[in-house]
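Given next are the chains, with one letter for each unit.
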Amino acid sequence: MKLSDVKKLHQKKFRTQFGFYLVEGEHLVLELINVAQRDSSTLGDITLYVTADYEAWVKERLDSSVSNMKVETVSSQQMQQLSDTKSPQGIIARVPLPNSALYSERSQTSISANKSSAEKYIYLYEVQDPGNLGTILRTLAWFGDFTLLLSPNSVDPYNSKVVRSSMGAIFHVNMELNVALESLGERFERFAFLDMNGSNITSNTFGDYQCYLFGNEARGVPVEALSKLNATAYTIAGSGKIDSLNLASAVNICAYELTR
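Residues numbered from 1 in each chain as written. Predicted model: local features only at pLDDT ≥ 70, side-chain atom pairs only at ≥ 80, totals over all residues. Heavy atoms only, no water.

Quick one: what's the story with the pattern of salt bridges, residue by residue and with numbers?
Evaluated as defined, the whole model comprises 7 salt bridges. When the shortest N-O distance is used, the salt bridge between Lys-8 and Asp-5 registers 3.4 Å. The class for Lys-8 is partly exposed, based on a relative accessible area of 31%. Its salt-bridge partner being Asp-156, residue Arg-15 comes within 2.6 Å of it at the nearest N-O pair. With Arg-15 in helix 2 (residues 12-18) and Asp-156 in the loop between strand 6 (146-150) and helix 7 (160-166), this residue pair connects regions lying 141 residues apart in the sequence. Of the residues examined, Arg-15 reaches a relative accessible area of 2% and is grouped as buried. Judged by its relative accessible area of 7%, Asp-156 is buried. (Salt bridge = Lys/Arg side-chain N within 4 Å of Asp/Glu carboxyl O. Buried < 20%, exposed > 50% of the residue type's maximum accessible area, 1.4 Å probe, protein only. Helix = DSSP H or I, 4+ residues; strand = E, 2+ residues; numbered from the N terminus.)

Below, the structure is given as structure tokens:
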């Protein structure tokens, strides 16, 4: 790709068109290198764009046996153009989008037969805040055995803000995009969601569900959809001094409860 096209990957429509996203900064690229060196087949062909200051850094950390990662040196001015930060560190990776993330609403990934029977599915309905999504990815990567399902009209998990806030977790969480809320009944039999009047999540039954539904930060999950899915309500007990909990915090607490 031309550098002028790489720069366009900060926009979703060009990520869709070219099939790549960008990973910027030393910490994230190091995690990317570690993943590639463990199993290069999981990521596809990656290009690292580095300034002269980072050439030695990459050589020290990148095993020469990793054939799917090439390095291209660019000037500081070119790096400034590629970056969406005011003071770029000098290292950016161009990474192929996973096949399940190519934004096709007509080709959703079905449940794989080799997935663990203990695996849980977290469904996010029209989540909008990149920081929330990045934090949720970190939590699901930490605990493992979760697949994240994102509805249409959710924030793009491959935009730079989500990628940065995920702190590398985006490389470790199975995701499916554009999963319609109406389609879930064809895939799962039992659903749970959070509500102020539900049973406590510490209940022994909280772990008995296949799919856990979490709604938009402002509107939640549509009530009519919850009714059609016959979803069971649970609550995170609090002091009662406020009437809501941040979305990422709610998912974090539930993920902990499901894995403890």
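After that view, the rundown keeps rolling.
Lay out the packing of aromatic side chains in plain terms, naming residues and giving numbers.
One pair of aromatic rings is described through two measures. These are the centre distance and the angle between the planes. A complete count under the given rule lists 10 aromatic pairs for this structure. Note on Phe-14 and Phe-18: the rings are 6.3 Å apart at their centroids and 20° apart in plane angle, and the pair reads as stacked. Of the two residues, Phe-14 and Phe-18 are both situated in helix 2; the distance of 4 residues between them amounts to about one turn of the helix. Sitting above the plane of the Phe-20 ring, Arg-94 keeps its charged end 4.4 Å from the centroid. A cation over an aromatic ring shows up here: Arg-190 above the ring of Tyr-209, its NZ or CZ 4.5 Å from the ring centre. (Phe/Tyr/Trp six-rings, centres within 6.5 Å; stacked < 30°, edge-to-face > 60°. Lys NZ or Arg CZ within 6 Å of the ring centre and 35° of its normal.)

Residues and numbers for the packing of helix 6 (residues 130-143) against helix 9 (residues 247-259), please.
Put simply, helix 6 and helix 9 touch, their axes get as near as 9 Å, and they point 10° apart. With respect to helix 9, the axis of helix 6 lies roughly parallel. Here helix 6 contributes Asn-132, Thr-135, Ile-136, Thr-139, Leu-140 and Phe-143 to the contact with helix 9, which in turn contributes Leu-247, Ala-248, Val-251, Asn-252, Ala-255, Tyr-256 and Thr-259. The residue inventory of the contact of helix 6 with helix 9, partitioned by class, reads 8 nonpolar, 5 polar and no charged. (Axes fitted to C-alpha atoms, helices over the stretch in contact; angles between N-to-C directions. Parallel < 35°, antiparallel > 145°, perpendicular 65-115°, else oblique. Contact = heavy atoms within 4.5 Å. Nonpolar A, V, L, I, M, F, W, Y, C, P; charged D, E, K, R; others polar.)

Can you break down the confidence of the model for the chain residue by residue, with the values?
With 92% of its residues at a pLDDT of 70 or more, the chain has an overall mean of 89. Across residues 102-116, where pLDDT falls below 50, the model places 28 contacts with residues more than four positions away in sequence or in other chains. (pLDDT = per-residue confidence, 0-100.)

Give a description of helix 6 that names residues and reports values.
For helix 6, spanning 14 residues, the distance from its first C-alpha to its last is 20 Å, which sits close to the expected 20 Å at 1.5 Å a residue. The complete set of buried residues in helix 6 reads Pro-130, Asn-132, Leu-133, Gly-134, Ile-136, Leu-137, Thr-139 and Leu-140. Close packing links the buried residues of helix 6 with strand 5 (120-124), strand 6, helix 7, strand 7 (174-176) and helix 9. The opening residue of helix 6, the one whose side-chain oxygen lies 2.9 Å from the backbone nitrogen of Gly-131, is Asp-129. (Expected span 1.5 Å × (residues − 1). Polar contact = N/O pair within 3.5 Å; in protein donor to acceptor, adjacent residues only side chain to side chain.)

I'd like a description of the environment of Ser-183, backed by residues and values.
If you trace the backbone, Ser-183 turns up in the loop between strand 7 and strand 8 (191-200). Separated by 73 residues in the primary sequence, Ser-183 and Tyr-256 have C-alpha atoms spaced 27 Å apart. From its side chain, Ser-183 meets the backbone oxygen of Ala-180 in a polar contact 2.7 Å long.

Explain the pairing of strand 3 (residues 69-73) to me, and be specific about the residues and the numbers.
In regular strands, side chains alternate between the two faces of the sheet. Sheet topology places strand 2 (residues 46-50) next to strand 3; 5 bridges connect them, and they run parallel. Within the sheet, the bridge partner assigned to Tyr-49 lies in strand 3 and is Glu-72. One crossover worth recording links strand 2 to the parallel strand 3 by way of helix 4 (residues 55-61), and it is right-handed. (Pairing = 2+ DSSP bridges. Right-handed = clockwise from strand over helix to strand, strands pointing away.)

Lay out helix 9 in plain terms, naming residues and giving numbers.
Spanning 13 residues, helix 9 covers 19 Å between terminal C-alpha atoms, matching the ideal 18 Å at 1.5 Å per step. When helix 9 is considered as a whole, its buried residues turn out to be Leu-247, Ala-248, Ala-250, Val-251, Cys-254, Ala-255, Glu-257 and Leu-258. On its buried side, helix 9 packs onto strand 5, helix 6, strand 6, strand 8 and strand 9 (211-214). The opening residue of helix 9 is Asn-246, an N-cap whose side-chain oxygen sits 2.9 Å from the backbone nitrogen of Ala-248.

Give a description of the environment of Val-50 that names residues and reports values.
Note on placement: Val-50 falls in strand 2. Spatially, the C-alpha atom of Val-50 lies 29 Å from that of Met-175, the residues being 125 residues apart in sequence. Ignoring any residue separated from it by four or fewer positions in sequence, one finds Val-50 in contact with Glu-55, Val-58, Val-71, Glu-72, Thr-73, Val-74, Met-79, Gly-90 and Ile-91.

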